[in-house]
Amino acid sequence: MSLQGTMPRRGWTRKRKRLAVIGVLGLVLALAAALVLTALRDQIVFFYSPSDLLEREVAPGQAIRLGGLVKDGTWERSGDTNVFVVTDGGAEIAARYVGILPDLFREGQGVVAEGALQPDGSFQATNVLAKHDENYIPKEVADSLRERGEWRPEETGGQ
Amino acid sequence: MSIELGHFALILALAIATVSAVGGLALWRRGPRVAQFLQQSAILQFVLVACAFAALVRAFAQSDFSLALAVNHSHSLKPMIFKISGVWGNHEGSMVLWILILVLFGAMVAAFGRNLPRPLLSLVLATQSLLTAAFTAFTVFTSNPFERVFPPPFEGNDLNPVLQDIGLAIHPPLLYAGYVGFSVCFSFAVAALISGRIDAAWARWVRPWTMLSWLFLTLGIAMGSYWAYYELGWGGWWFWDPVENASFMPWLAGTALLHSAIVMEKRGALKIWTIFLAIITFSLSLLGTFLVRSGILTSVHTFASDPTRGLVILSILAVLIGGAFALFALRAPKLRAGGLFAPVSREGALILNNLFLSTAVGAVLVGTLYPLVLDALTGTTISVGEPFFNLTFSILMAPLLLVLPFGPLLAWKRADIVAAAQRLVAAGALAIFLAILISALGGLSISLAPLGLLLGFWVAFGAIMDIIDRGRFGKLPPRESLRRIIKLPRSTFATALGHFGVGITVLGIVSTTAWESEVVTTLNPGETTAIADYAIAFDDFNEVAGPNYSAERGIFTVTDHNGGERTLAAERRFYEASGTPTTEAAIATYGFSQLYLQLGEPQADTHVLRIWYKPYITLIWLGAILMAVAGVVSLTDRRKRVGAPAQSKARRATEAA
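No experiment lies behind these values; they were computed from the predicted model shown.

## Looking at the overall build of chain A
Here comes step 1: What chain A contains, in helices and strands, is four helices and seven strands.
Here comes step 2: Secondary structure elements of chain A, listed N to C terminal, follow the sequence α-β-α-β-β-β-β-β-β-α-α.
Here comes step 3: A buried classification covers 31% of the 159 residues belonging to chain A.

Given below as structure tokens:
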């Protein structure tokens, strides 16, 4: 809009002013739409269950979300490194996470981990999500478990 | 007994609201008697809902476990404050709080709106009653908080432990006051569309309500962000989670409304757009309250959700929002456009503000709903996370922040951009200097940090320059300049302070994002570690008992670079009643920066410790508080006080007579 400061004001008829305003509005909206669409293409993170992950052959290093149940008896800690297995009843993936897991991270409960596959086929989590509610199971996890007939709410709810 | 009285009061409020809504919308032309009835009805609705709410509070405070709601969400060992906050820590109770605030705003319109034209007042109160009736009916019929259980159990199931926190005791009331306050703007918009009376006076009446709601929403979001930061123990202050987006969208739209209403009041322009924004803002508030709660969108930190009633609430929203937009489509074309202005003018700047803010609303809305749409259409499950929002939102905000300082310096109708730029040279130079200096000293961790700092300083200094410029410092003797500044209207200070707050928040966001450091380590009592300029010694580890929990507590001593020492305690609590563990982070504030310690689960005699150093993070919330204070200052401006213009007109009339 700074250009207009140099133009003679007299020449600005009502119609031209309105066109200029609409032009700027349209330009910003178009740019914003382009921005949103590009960002949607590049920045979204796909959600996979362990079975999906094996079927789809996701490239190592690509940012994804992995959701499933933490398999009983697989959670091991040494210092700040956590190793656990995520399962959906069909397939299993070994996951690794460095840091402090959420309070409600439990074996046998639902988990969603953000991260990427490693070349060796294991999953390196950069972030582990768990809701602050003991009865929570992520919707995506519940859906994929339901598909596999592994959905047993009475087991996943409560402690 | 009081439970039944409360239940009855709520049903009575529903009946009265229904009568007011139907009667008011049918008879609003009939003059002052109708308005008087609606005023009294609005106040009565408030009294009745307040009784209903008080009955719930009483039952929770006395741990009356014959009330189903108290059984599910309370516990006799809880501290009193959390017993009371437990009332709104669940779906049913929070609905009653929501309605209470709705009728409170209705009663306030009735009390302060004595100078409004009668037909407009009638229509506003009738619309407000319609909203009350809809949501009270929803509560009474599908989410009754007054249900009893028999036989009453001895003990309750406890409130979710992370909700047992002072921050969350006050966060929902603040947030709701913001959300629901916009209902007044909505009602005014609907009233204006029905009556066809839309002029500058309308904008003057709406502005204080917008400002009031906006400042509550600002505080509510800031409070929620700070709560999530210290209570959830993730060390983050904003996650672009659907719940947060849901509160952020009405805030963005409300901010736009605040600015477009100025144009409408001062210049009579942007009428249709302002009405549209008023409807949109409240619609987004409704979405904010209910979209996540309906279970359609999942969020990692929503509470009080109840998917079973989701469809009912979404149908109510569809009818209310759809109705308002249908009315808008029907009536808006008949409104006459007013106020001509050149592109470079105060109006033009405010339009740019609205353009970027509403585009940002659109981007956030797309990001929030896209996973839902994609899942419905293709069955692919995706998540749109922080990278999307950070990218789109910051790119949209950058130009807004860049032009922001120009706005207050431009004249109405037609302005000289060169003159405005000249007046901002000092602010720009200082901002560039500081951004370069800090980036050089702090080390560049991300390439965009200097740019962000530059924008933050630019907005903050630009706000100060606005005041200095109005005092004509340097052109007049300092004493004369000071006198001029003191005499400036309060709204000018409010503008400057609000914009200064925006700058401060930006600075906090940029510095904590760019220069945050984090250490994850294993430590035993007696050992030490270090982060930034601070040495942290793990002194002791012991077990303690709280009123309704047991905890493992780590005691730490932090030594800063000047040798000053502070003792901190980080805890892992275990709440027996619900069997839930929580993490209580230890936070030490140094100036505007914070040190954040999180204790992990103990294992084989060693402890995992996660420590963050967050430089200038408190500026984020401080800026939000400044914005809210600016709102208060603006509300105390005599010229904008509710009903004041009509009052002075009335006085002039009596003086003339």
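## What to know about the overall build of chain B
Here comes step 1: The number of helices and strands found in chain B is 20 helices and 10 strands.
Here comes step 2: Relative to a compact globule of 657 residues, whose C-alpha radius of gyration would be 26 Å, chain B shows 27 Å and is just as compact.
Here comes step 3: Dimensions of chain B, computed from the C-alpha atoms along their principal axes, are close to 85 × 75 × 55 Å.
Here comes step 4: Taken across its 657 residues, chain B has 53% of its residues classed as buried.

## Describing the domain arrangement of chain B
Here comes step 1: Structurally, chain B comprises domain 1 (1–164), domain 2 (181–334 + 343–412), domain 3 (424–507 + 618–642) and domain 4 (517–614).
Here comes step 2: On a C-alpha basis, the centroid separation for the pair domain 2 of chain B and domain 4 of chain B is 39 Å.

## Some details on helix α8 (residues 200–231) of chain B
Residues and elements named next belong to chain B.
Here comes step 1: The first and last C-alpha atoms of α8 sit 45 Å apart over 32 residues, in line with the 46 Å expected at 1.5 Å per residue.
Here comes step 2: The sharpest bend along α8 reaches about 30° and sits at V206, with the proline P208 one to four residues further on.
Here comes step 3: Within α8, 28 of the 32 residues are buried, which leaves the element mostly enclosed by the surrounding structure.
Here comes step 4: Immediately downstream of α8, the backbone of G233 shows phi near 75°, a positive value.

## Regarding the pairing of strand β8 (residues 586–590) of chain B
All names here are of chain B.
Here comes step 1: Relative to strand β9 (residues 593–603), β8 is paired through five bridges, and the arrangement is antiparallel. Within β9, the position partnered with A586 by the bridge is L597.
Here comes step 2: Hairpin connection between β8 and β9: a loop of two residues separates the two successive antiparallel strands, and G591 in this loop has a positive phi of roughly 60°.

## A short note on the sheet that holds strand β2 (residues 517–523) of chain B
Two orientations exist for strands paired in a sheet by backbone hydrogen bonds: parallel and antiparallel.
Residues and elements named next belong to chain B.
Here comes step 1: Spatial ordering of the open sheet is given by β2-β10-β9-β8, a layout of four strands whose pairing is antiparallel. Two strands bound the open sheet, and with one partner strand each, they are β2 and β8. If you compare each strand with its neighbour and ignore which way they point, the axes differ by 15° on average.
Here comes step 2: Across seven bridges, β2 lies against strand β10 (residues 606–614) in antiparallel orientation.

## Describing the sheet that holds strand β4 (residues 534–545) of chain B
Residues and elements named next belong to chain B.
Here comes step 1: Across the sheet, which stays open at both edges, the five strands sit in the order β3-β4-β5-β6-β7 with antiparallel pairing between neighbours. Since the sheet does not close on itself, it has two edges, and those belong to β3 (528–531) and β7 (580–584), each with one partner. Averaged over all neighbouring strand pairs, the angle between strand axes comes to 25°, with direction disregarded.
Here comes step 2: Bridge count between β4 and strand β5 (residues 549–559): 10 bridges; the pairing is antiparallel. Bridge pairing links A545 to S550 in β5.

## With respect to the nonpolar core
Here comes step 1: Residues V49, C185, F188, A189 and A278 of chain B are the most contacted members of the largest nonpolar core, which totals 193 residues.
Here comes step 2: The dominant element in this core, judged by the number of residues it contributes, is α8 of chain B, at 18 residues.
Here comes step 3: Those residues in contact with A189 of chain B, other than ones at most four positions away along the chain, are I275, A278 and I279 of chain B.
Here comes step 4: Judged by nonpolar contacts, the second largest core, of 41 residues, contains A95, L101 and L129 of chain A together with F538 of chain B.

## Some words on the packing of helix α1 (residues 2–27) of chain B against helix α2 (residues 32–61) of chain B
Residues and elements named next belong to chain B.
Here comes step 1: Here α1 crosses α2 at 160°, and the two axes come no closer than 8 Å. Between α1 and α2, the crossing angle belongs to the class labelled roughly antiparallel. The two elements α1 and α2 cross, and the hand of that crossing is left-handed.
Here comes step 2: Its residues placed into classes, the contact of α1 with α2 shows 19 nonpolar, six polar and one charged.

## Quick notes on the confidence of the model for chain B
Interpreting fine coordinate detail is not advised for predicted regions of low pLDDT.
All names here are of chain B.
Here comes step 1: Within chain B, residue pLDDT values average 88, and 93% of them lie at 70 or more.
Here comes step 2: At the level of individual helices and strands, chain B shows its lowest average pLDDT in helix α20 (residues 644–656), which scores 43, and its highest in helix α19 (residues 618–636), which scores 96.
Here comes step 3: Confidence drops under a pLDDT of 50 for residues 642–657, and excluding neighbours within four residues, the segment shows 11 contacts in the predicted structure.
Here comes step 4: Overall fold confidence (pTM) sits at 0.90, and the ipTM for the predicted complex is 0.76.

## Brief notes about unusual backbone geometry
All names here are of chain B.
Here comes step 1: Between F150 and the following residue, P151, the backbone shows a cis peptide bond with an omega angle of -5°.
Here comes step 2: With respect to the element layout, P151 can be found in the loop between α6 (118–142) and α7 (166–195).
Here comes step 3: A positive phi angle, near 50°, is found at S63, a position not held by glycine.
Here comes step 4: Phi is positive for A532, close to 45°, though the residue is something other than glycine.

## Quick notes on the pairing of strand β6 (residues 565–575) of chain B
Residues and elements named next belong to chain B.
Here comes step 1: Of the strand pairs in this sheet, β5 and β6 are connected by 11 bridges, and their pairing is antiparallel. What sits directly across from A551, in β6, is R573.
Here comes step 2: Hairpin connection between β5 and β6: a loop of five residues separates the two successive antiparallel strands, and G563 in this loop has a positive phi of roughly 90°.
Here comes step 3: Sheet analysis places β6 next to β7, joined by five bridges and oriented antiparallel. Counterpart to F574 in the pairing with β7 is P581.
Here comes step 4: Adjacent in sequence and paired antiparallel, β6 and β7 are bridged by four residues, among which G579 carries a positive phi angle near 65°.

## A look at the environment of L123 of chain B
Residue and element names in this part refer to chain B.
Here comes step 1: Structurally, the position occupied by L123 is in helix α6.
Here comes step 2: C-alpha of L123 to C-alpha of T505: the two residues are 382 residues apart in sequence and 39 Å apart in space.
Here comes step 3: If we ignore the near neighbours within four places in the chain, the residues touching L123 are G24, W28, A191, I194 and S195.

## Regarding helix α11 (residues 310–331) of chain B
Residues and elements named next belong to chain B.
Here comes step 1: Helix length check: α11, at 22 residues, gives a terminal C-alpha distance of 31 Å against a target of 32 Å (1.5 Å per residue), a fit within 8%.
Here comes step 2: Turning to α11, its buried residues number three or more, namely I313, L320 and A324. The buried residues of α11 all sit within an arc of 40° when viewed along its axis, so they share a single face. For α11, the exposed residues lying more than 90 degrees away from the buried face are L311, S315, A318, V319, G322, A326, A329 and L330.
Here comes step 3: Of the surrounding secondary structure, the elements contacted by the buried residues of α11 are α6, α7 and α10 (271–290).

## Focus: the packing of helix α12 (residues 346–378) of chain B against helix α13 (residues 386–403) of chain B
All names here are of chain B.
Here comes step 1: Remark: α12 packs on α13, axes separated minimally by 10 Å, with the N-to-C direction vectors making an angle of 175°. Between α12 and α13, the crossing angle belongs to the class labelled roughly antiparallel. Residues A349, L352, N353, F356, T359, A360, A363, V364 and G367 of α12 touch α13, and the partners they reach there are F388, F389, T392, F393, L396, M397, P399, L400 and V403.
Here comes step 2: Looking at the contact of α12 with α13 residue by residue, the classes come out as 14 nonpolar, four polar and no charged.

Reading guide: rules and limits
- Residues numbered from 1 in each chain as written.
- Chains lettered and ligands numbered in written order.
- Predicted model: local features only at pLDDT ≥ 70, side-chain atom pairs only at ≥ 80, totals over all residues.
- Helix = DSSP H or I, 4+ residues; strand = E, 2+ residues; numbered from the N terminus.
- Buried ≥ 20, exposed ≤ 12 C-beta atoms within 10 Å, placed from the backbone.
- Rg over C-alpha atoms; globule rule 2.2 N^0.38 Å.
- Domains from an automatic or database assignment.
- Expected span 1.5 Å × (residues − 1).
- Bend = angle between axes of the 7 residues up to and from the residue.
- Pairing = 2+ DSSP bridges.
- Axes fitted to C-alpha atoms, helices over the stretch in contact; angles between N-to-C directions.
- Core = buried A, V, L, I, M, F, W, Y, C linked by C-beta atoms within 7 Å.
- Contact = placed C-beta atoms within 7 Å.
- Parallel < 35°, antiparallel > 145°, perpendicular 65-115°, else oblique.
- Left-handed = near helix turned anticlockwise from the far one by under 90°.
- Nonpolar A, V, L, I, M, F, W, Y, C, P; charged D, E, K, R; others polar.
- pLDDT = per-residue confidence, 0-100.
- Arc of directions from axis to C-beta.

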